[in-house]
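# Descriptive analysis of the structure
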Amino acid sequence: MKNLLIVLSGPSGVGKGTIVNRLLQDGGYSLSVSCTTRPPRVGEVDGKAYFFISKQKFAKMIEEGGFLEYNNHFENFYGTPKGFVTEQLKNSDVILEIEVDGALQVKQAYPQALLIMILPPDEAALIARLKGRATESDEKIAARVDRMRYEASKKHLYDFVVVNDDLDTAVAQIKSIIKSRKEI
Ligand code: 5GP
């Protein structure tokens, strides 16, 4: 049975990270570690959360065809290293947790990839929560809300949409989608 490339996307705050952790706890999956030019946040470890690299190094990797996909997102570059993913795919299913534009690039390059979008049960509540974040300027919050609407507008291009109303149910749905794809 061939291993699957599983792409999970969804707006910020929808609970993707928690879902991914639950899948990883189960075993049988590895998580692709992306490269990014954004600086690490407190607690993020290089090589675990991301490979934190300079803009120059990122540009060089683009030139060398080192990315499966990449995108400029909120003024920083993010990309999936091709070699890393290819290696991991030899041993297990691989999960990419990436935004919509990158996900659609993956689907073009690799049509067998399984694209799953995770959406909130209540978009308005998620927007209200984003707006309630006192740490960000109005401009930044507006950009995030626009981005969230843009991402949700691409859901028809995904293989499946899972609504994260209840975490256990969402995880079970994702596992069942993966299982049925593997049986094909
Ligand atoms: P953050 O900076 O909050 O960690 O991530 C911002 C966004 O970048 C998230 O939507 C995340 O899914 C996306 N992202 C993370 N890694 C990659 C990647 O390798 N490629 C693309 N296209 N998006 C990514």
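Use the structure listed above.
This text gives an overview of the structure that appears in the document. (Residues numbered from 1 in each chain as written. Predicted model: local features only at pLDDT ≥ 70, side-chain atom pairs only at ≥ 80, totals over all residues. Heavy atoms only, no water.)

Turning to the packing of helix α1 (residues 16-26) against helix α7 (residues 167-183), a few remarks are in order. Between α1 and α7, whose axes approach to 10 Å, the crossing angle comes to 60°. In this view, α1 runs oblique relative to α7, as classed from their interaxial angle. Once α1 is placed against α7, the crossing between them reads as right-handed. Of the residues in α7, those touching α1 at T18, I19, R22, L23 and D26 are L167, D168, A170, V171, I174 and K175. Its residues assigned to classes, the contact of α1 with α7 shows six nonpolar, one polar and four charged. (Axes fitted to C-alpha atoms, helices over the stretch in contact; angles between N-to-C directions. Helix = DSSP H or I, 4+ residues; strand = E, 2+ residues; numbered from the N terminus. Parallel < 35°, antiparallel > 145°, perpendicular 65-115°, else oblique. Left-handed = near helix turned anticlockwise from the far one by under 90°. Contact = heavy atoms within 4.5 Å. Nonpolar A, V, L, I, M, F, W, Y, C, P; charged D, E, K, R; others polar.)

Attention now goes to the environment of D159. Among the secondary structure elements, D159 is positioned in the loop between α6 (138-152) and β9 (160-163). Since its relative accessible area comes to 30%, D159 is described here as partly exposed. Setting aside its immediate chain neighbours within four residues, D159 contacts K107, A113, L114, L115 and R181. A distance of 3.0 Å separates the side chain of D159 from the side chain of K107, its partner in a polar contact. A distance of 2.7 Å separates the side chain of D159 from the backbone nitrogen of L115, its partner in a polar contact. (Buried < 20%, exposed > 50% of the residue type's maximum accessible area, 1.4 Å probe, protein only. Polar contact = N/O pair within 3.5 Å; in protein donor to acceptor, adjacent residues only side chain to side chain.)

Turning our eyes to something else, we now look at the site of the ligand. Contacts to the ligand come from 15 residues, most closely from S34, R38, Y50, Y78 and E99. T80 is positioned with one of its side-chain polar atoms (N or O) 3.4 Å from an oxygen atom of the ligand. In the model, a nitrogen atom of the ligand is placed 2.6 Å from a nitrogen or oxygen of the E99 side chain. Isolated, the ligand exposes 510 Å² of accessible area, and the fraction of that covered by the protein chains is 86%. (Near = heavy atom within 4 Å. Areas by Shrake-Rupley, 256 points an atom, 1.4 Å probe, with all protein chains shown as cover.)

By the definition in use, this model includes seven aromatic pairs. Ring centres 5.3 Å apart and planes at 40° place the aromatic pair F58 and F77 in the tilted group. With a gap of 19 residues between them, F58 in helix α2 (residues 55-63) and F77 in strand β6 (residues 76-81) connect regions that are remote in the sequence. Given a relative accessible area of 1%, F58 falls into the buried group. (Phe/Tyr/Trp six-rings, centres within 6.5 Å; stacked < 30°, edge-to-face > 60°.)

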